[in-house]
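# Per-entry structural report
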Amino acid sequence: MLQDFINKNFSRLLIFTLMFGVMLYDTIGFDYTDELCSLLLFVLFLKYVFSTPQWEVNKMFLATTAVFLFYLCYSFYIGTTSKSAVIVDFVSQYKPYLGFFCVYAIKPVMTPAYKKLICEICIVLGAYLALIGVAYLFFPVTISYTLKHPSRLATAVSIVSLLYLYCSDFTTKEKLIFILLMTVGLCSGRSKFYGFFIICVSMILFIKPSFKLKLNLKNIILCSIVLALVLFFTYKKLNVYFISGGDFLSSDEKIQDSIARAALYFYVPDILADYCPFGPGFGTYATYASGVYYSPLYNHYGMDGIYGLSKNFSSFIADTYYPALAQFGYVGICLFFLFWGKLALKALKGYKFAYKEGLIALMIIIFFMIECTTDTTITHNRGLFMMVLLGLLFSDIRHIVAQDKNKKILSSK
């Protein structure tokens, strides 16, 4: 059967992507693993579509693809940067959404045997990451031989933990194992992970199937405590990027790597105003392609003299994602948050039918919203894996909701 073929090969591809597209990605140094996995997912998608009589394609997938193709044509038309930069950035930006929608479309179902295997793999990988984390605390140089950077330790821990939680039976014991796996990420020293860790632990411990999102004293107190803890651990970074970034830029102090991120945020309003309403297009600002092909915008706005943003040293150009949305103008920013807002609403609506799946989907959405402040994870290998997992969760939610509706129809007859 077609679905059995999809289920088996998707499960194998998921394990392959976890090992070579997440855990060993930096160790091996093969930079096209995520593109290869995306291609294989797309092949599965094509087989599924052309093997079904309806040739069914999700409307949201078509709408998202149409938006990306519009911006591709617009970028060629406006000609802000080179065509090579436009194409490279288009592939990079579209890849995570392609992964999400391909998985959502093929409706894979993981068997209990594969789920058990993945849980065991995640525990082994958690122990491996714990060794790296502890070694990093005492000998920081050791991480350069495995994950290359502590931020990648944090994202790898997040992926392994959430995947374990998804494949588990969601018992109290397995929730505690999830929290223990997440604790390893604290070794990274990343303030954004501290915030994500607090949110995830709070959701696991306090949000039950009977939980209702309403304004009452209990929920207000709980949310206030969680928000206060998150702000306590992340305020320093938030202050640099969103509050006093302009002050740093105008001071005489030596500009450091964190100031490069602040600069990228600082010039967003100017770009939005100068390229209203669709922005300067793909490959022009705060992305990998804009650094490799060095976008003329950096010279135009006087950013070429900032440490990490110059033509000869552009290592920090693709160090944060939200500023990259300036490429797409006011319209693109609205569409980005509309997409994620719609997914969040779908997760909340499906929560009462699919408690575990809805909860993990919300965690992943929060993960991306936090990661985008100081990293371009969403367009990289780990972002692709998270989007694949998110597509799997929403596929499960759709299936569970449909089953519930069918039960109600049958019981009413």
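Residues numbered from 1 in each chain as written. Predicted model: local features only at pLDDT ≥ 70, side-chain atom pairs only at ≥ 80, totals over all residues. Heavy atoms only, no water.

The end-to-end C-alpha distance of helix α6 (residues 112-138), which contains 27 residues, comes to 39 Å, matching closely the 39 Å that a straight helix rising 1.5 Å per residue would cover. Where α6 is buried, its residues meet α1 (2-23), α7 (150-167) and α8 (172-183). (Helix = DSSP H or I, 4+ residues; strand = E, 2+ residues; numbered from the N terminus. Expected span 1.5 Å × (residues − 1). Contact = heavy atoms within 4.5 Å.)

Looking now at the nonpolar core. Residues Y285, W340, L390 and F394 are the most contacted members of the largest nonpolar core, which totals 134 residues. Sequence-distant contacts of L390, defined by excluding residues within four places in its chain, comprise F100, W340, L343, A361, I364 and I365. (Core = buried A, V, L, I, M, F, W, Y, C linked by side-chain atoms within 4.5 Å. Buried < 20%, exposed > 50% of the residue type's maximum accessible area, 1.4 Å probe, protein only.)

The tally for this structure, following the rule as stated, stands at seven salt bridges. The salt bridge involving R152 is made with D26; its shortest N-O contact spans 2.9 Å. One end of the pair, R152, is in helix α7; the other, D26, is in helix α2 (residues 25-28), and 126 residues separate them in sequence. Judged by relative accessible area, D26 falls into the buried class, the value being 11%. One salt bridge in this structure joins D26 and R382, with 3.2 Å as the shortest N-O distance. Separated by 356 residues along the polypeptide, D26 in helix α2 and R382 in helix α18 (residues 381-412) bring together distant segments of the chain. Through salt bridges with shared partners, a single ionic network connects D26, R152 and R382. (Salt bridge = Lys/Arg side-chain N within 4 Å of Asp/Glu carboxyl O.)

One way to put it is that α1 packs onto α6 with a least axis distance of 11 Å and a crossing angle of 5 degrees. By the angle between their directions, the pair α1 and α6 is classed as roughly parallel. Packed against α1, whose contacting residues are K8, S11, R12, L14, I15, L18, M19 and M23, the element α6 presents Y114, L117, I118, I121, L125, Y128 and L129 at the interface. Looking at side-chain class alone, the contact of α1 with α6 contains 12 nonpolar, one polar and two charged residues. (Axes fitted to C-alpha atoms, helices over the stretch in contact; angles between N-to-C directions. Parallel < 35°, antiparallel > 145°, perpendicular 65-115°, else oblique. Nonpolar A, V, L, I, M, F, W, Y, C, P; charged D, E, K, R; others polar.)

Function cannot be read off these values alone, since they describe shape.
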